[in-house]
Structure formats: structure tokens, C-alpha cells
Amino acid sequence: MSSKYIKIMEGIKRRLEDGSLIAGSKLPSVRQLSQNFSCSKNTVIKAYAELEKEHLIYSVPKSGYYVVNEFQNATNEHEIIDFLSAGPDKNVMPYLEFQHCMNQAIEQYKEELFTYSDQQGFYSLRVQIVKYLQNLQVFTQPERLVVVSGSQQALNLLVSMPFPNGKNNILIEQPTYFGFIESVTLHQATTFGIEFSKEGIDLDRLEYIFRNNDIKFFYIIPRFHNPLGHCYTNSEKKKIVELAEKYDVYIVEDDFLGDLDPNAKSDPLFSFNPYGRVIYIKSFSKIFLPGLRIATVVLPPLMNNDFLRYKFSSDFNSPALSQGALEIYLKSGMFNSHLKKVKEIYRTKMHILQEACELLLPANTHFSKPSSGFYLSISLPEKVTAKQIVHMLNEQHVYVDDASRFFLPEYKKENLIRLSISQVNESKIELGVERLAHCIALVDSRKNRVTPNNFLHF
């Protein structure tokens with residue numbers, strides 16, 4: 001039986017590759033294929049089941065099997081080296097496990113799917129998230145959690161709503177997550193920046209800004225920063241919280257990759273002031289399924305009502321089905337086993353990337369050295385712009401990110417690129433860095449040619 005079902009699978013894949021089967025094409029019936037291959041119907045059903053697992057085909061009850069979409073030619077896929085995409089690694093996503101949780105959630109929460117559910121999020125889900133957050137050194141109660149439709153929603157609401165300190169201005173690291181810059185820009189919020197580098201931030205400068213600029217909150221990504229990849233030390237985090245307390249500034253902590261931290265002694269800012277100064281946001285998008293659109297925010301009790309009012313005006317409540325499925329996934333222990341697997345994958349990829357950068361990048365470039373996470377940033381030589389490098393690499397099917405969009409206009413740098421390891425094929429990392437290094441050296445040498453004679457002797 002085994003060799004026959006593999007032959008059936010290979011035959012269908014060949015037809016997908018050569019284009020004779022396209023999106024929506026109906027496949028031969030089980031009976032027809034069993035006759036063609038002189039095998040049992042069970043053999044054909046097994047072949048189709050395996051192709052369904054690979055998301056190449058799908059079944060329609062009482063109708064048959066159909067092609068999901070155009071087959072991506074493997075050779076084209078292998079040519080691409082993707083340091084640009086920032087979603088989780090598609091090869092380790094728990095599609096089948098989560099499909100099981102979705103089916104259970106439909107059964108368990110069928111009434112909630114047809115009514116408006118708890119505006120703050122399912123209480124049973126919040127209980128599970130509270131248990132999970134303990135692993136991240138965030139100790140709180142379900143009553144302080146609000147389930148939101150992705151961390152971007154929480155950030156956008158916090159920009160727009162009033163805070164108990166009565167202040168109006170926002171402080172951000174420079175650079176920082178471009179989605180947050182977009183929110184403050186759209187809301188026309190007065191926003192200050194503070195430079196962040198591998199040396200950290202200037203704490204004296206931070207104190208000056210807190211004291212003199214009517215800061216409502218400081219938005220900070222303390223672990224595996226986007227786009228830099230840097231992490232703050234515990235002593236820096238403790239000092240930042242002390243300064244916020246001293247000058248009545250709130251902190252919005254975006255800990256979107258905190259789960260990946262291999263350093264068990266690294267704590268979130270929240271742990272230094274768990275009772276109300278730090279607003280903690282945890283997304284499940286980067287380590288799990290971005291399409292789930294579920295994140296949580298831990299709020300000071302006196303901000304809960306205002307936050308829920310603003311959320312109500314945005315979407316009333318987050319998707320019930322996603323909440324129910326995530327609750328089942330967390331409760332079953334499947335999430336922890338998935339996390340253990342992805343932590344190792346991303347740590348390994350980051351290690352390979354750093355070794356390649358160390359070995360291959362020109363001496364006049366500088367790169368960050370995170371222990372894990374998704375992002376590593378590279379500062380290019382002074383006369384080399386990220387835009388040039390991105391353009392040259394695109395032509396070689398190597399995709400990297402020009403990080404200029406992560407800056408406020410007055411802080412903008414044109415020579416920073418961001419590499420993401422989340423979706424790049426592990427075996428292609430070194431080749432990608434080699435091509436990147438070659439482009440940097442080529443552009444740099446052109447910029448440094450001063451006279452025609454230099455050009456002739458190049």
C-alpha cells in the first residue's frame with residue numbers, strides 16, 4: 001500500500017508543477033484513481049489525506065477533492081533568501097493541532113459565536129493567559145487583563161486615550177516599531193525620541209525628558225528590539241521604572257518576543273513595578289499564528305474602564321472563535337511544547353546569522369548581537385545607503401528591510417538595514433550574508449573612488 005499512495009501523491013504533484021492542475025481544479029474521484037492505479041480505495045484516500053495535510057488540496061463533502069491554489073515551483077522558492085518577512089516560520093506552525101482546537105472551540109463556544117461575548121475577553125482565556133504570563137515573570141490577575149485584536153490595537157488605543165497622569169506627550173526609542181510610529185502620526189500626538197543603541201539609552205537624557213516634556217507614557221521594546229535586536233539589562237530596566245515612578249510617567253512595555261529569551265534571569269519591566277506604572281502588552285502573533293489576531297494587555301486597575309470604553313468604540317469584542325481556540329491550546333499544554341520547539345529554532349538561526357556576519361561582513365559595518373529573537377540590524381558604512389543595498393539584493397532574490405521607516409523624521413538614518421531570521425531558510429543564511437557583504441563592499445568602493453584614475457585602477 002505504501003508505495004502506491006506515494007506514487008499517487010507524486011503524480012498529482014507533477015501535474016501541479018507543470019500547470020495541468022490549477023487552483024480550483026477538481027481531482028479524479030477515489031474510485032477512478034483506484035482503478036487507474038489498481039489499488040484499494042483506502043490507498044487513494046490516504047494519498048489525498050496526505051496532500052490535504054500539505055495544504056495542496058481540500059475536500060468538499062459529497063463533491064470530491066479540489067486544488068487549493070497554484071503550486072509554487074520549488075526551484076523558484078529555493079532561489080529566494082528572505083530576510084524581510086517578519087511572521088513566524090511557516091514550517092513550524094502547528095496548523096493541525098490548532099485546527100483540532102478550533103473544532104473543539106466551535107463545539108464548546110457555539111453560543112458565544114452568535115452573541116456578543118465579554119468585552120474584556122473570555123474570562124476562562126484570561127485565566128489561562130495569567131498562568132502563561134507567570135513563565136515571563138508577569139504576575140497578575142485575570143481582572144487586570146483585556147484581550148485585544150493584536151498588539152497593534154492595544155497600542156493604537158493607548159495613544160488615543162487619556163491617562164491618569166493628565167499628560168499628553170509620548171516618548172519612543174529611536175528607532176522603534178514602525179506600526180507605533182504610524183499610530184502616533186495618524187493621531188497627531190506630540191512625540192519625542194530618545195536614541196537607543198547597543199550601549200542602551202542615555203538615562204540622564206531620559207530623566208531630563210521625563211522631567212521637562214509632559215510625558216504621558218514611554219513606549220519601549222526591552223527584549224529583542226524591533227528593528228535593532230538589542231535587549232536592556234535588568235539594572236537598566238529597574239532604573240527606567242524608578243525614573244517613571246519619580247516623574248509620574250507610564251511605561252508601555254511591548255514584550256512581543258519575550259517568550260524567546262534564553263536568559264531565565266532576564267525580567268520584564270513589569271516585574272519591577274507590577275501594581276500600575278507599567279502597562280504590559282503580550283502578542284501571540286510572532287511565535288504563533290499572526291492570523292489569530294489575539295494579544296493581551298495588563299492594565300493598572302484605574303485604567304480598565306477607560307480602556308474598555310475606547311475598545312468598545314473600536315470593535316466591541318475580539319473574535320470569539322480565536323479566543324476559544326487559544327484557550328484550549330494553552331490549557332492542553334500544546335502551546336508550551338510548541339514554544340520549546342520554536343525557541344530552539346530561532347536561537348539556532350540567530351547564531352548562524354551572527355557567525356556569518358562576523359565572518360563575511362566588511363570591517364567598516366557594525367551589527368547587533370542578540371541571543372535570539374527575530375531581528376539583527378546592520379549599520380552600513382557612512383556613504384552606503386540601505387536603499388541602494390535593498391535594490392541590489394532584490395535583483396539577486398535576497399530580501400532585506402530598509403530600516404529608515406523605523407525613525408521619526410528628525411532622527412532618520414538612511415544606512416540601517418534589518419534582517420529577520422524568522423522565515424529565512426536556515427541553509428541559505430550564509431549565502432544571503434555573502435551576497436549582502438559583496439553588495440556593501442561594491443557600493444562602498446564606488447563611493448570612495450575620488451578621481452577617474454582611481455576608477456581605472458580599481
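Up top is the structure.
Computed from a predicted model, the values in this text were never measured in an experiment.

Basis of the calculations
Residues numbered from 1 in each chain as written. Predicted model: local features only at pLDDT ≥ 70, side-chain atom pairs only at ≥ 80, totals over all residues. Heavy atoms only, no water. Pairing = 2+ DSSP bridges. Helix = DSSP H or I, 4+ residues; strand = E, 2+ residues; numbered from the N terminus. Contact = heavy atoms within 4.5 Å. Axes fitted to C-alpha atoms, helices over the stretch in contact; angles between N-to-C directions. Buried < 20%, exposed > 50% of the residue type's maximum accessible area, 1.4 Å probe, protein only. Lys, Arg positive; Asp, Glu negative; His and termini not counted. Salt bridge = Lys/Arg side-chain N within 4 Å of Asp/Glu carboxyl O. Arc of directions from axis to C-beta.

If you walk across this open sheet you meet the four strands as S11-S12-S15-S14, and the pairing is antiparallel. Each edge of the open sheet is held by one strand with a lone partner, namely strand S11 (366–367) and strand S14 (401–402). Pairing of S11 with strand S12 (residues 375–379), which is carried by two bridges, proceeds in the antiparallel orientation. When the sheet's bridge partners are listed, Phe367 is paired in S12 with Ile378. Across the sheet, helix H13 (residues 334–360) touches S11, S12 and strand S15 (416–420), and the angle it forms with S12 is around 15°.

Here we come to the side chain of Asp444. On the secondary structure map, Asp444 appears in helix H15 (residues 429–447). Among buried Asp, Glu, Lys and Arg side chains, Asp444 stands out as unpaired, with Lys383 the closest opposite charge at 7.1 Å. Residues contacting Asp444, with those up to four places away along its chain left out, are Asn364, Pro381 and Val384.

The subject of this paragraph is helix H11 (residues 304–314). Of the positions making up H11, those classed as buried are Asn304, Phe307, Leu308 and Lys311. Seen from one end, H11 has its buried residues packed into an arc of 95°, which puts them on one side. H11 presents Asn305, Arg309 and Ser313 as exposed residues on the side facing more than 90 degrees away from its buried surface. The inward-facing, buried residues of H11 abut strand S4 (145–148), helix H7 (151–160) and strand S10 (295–298).

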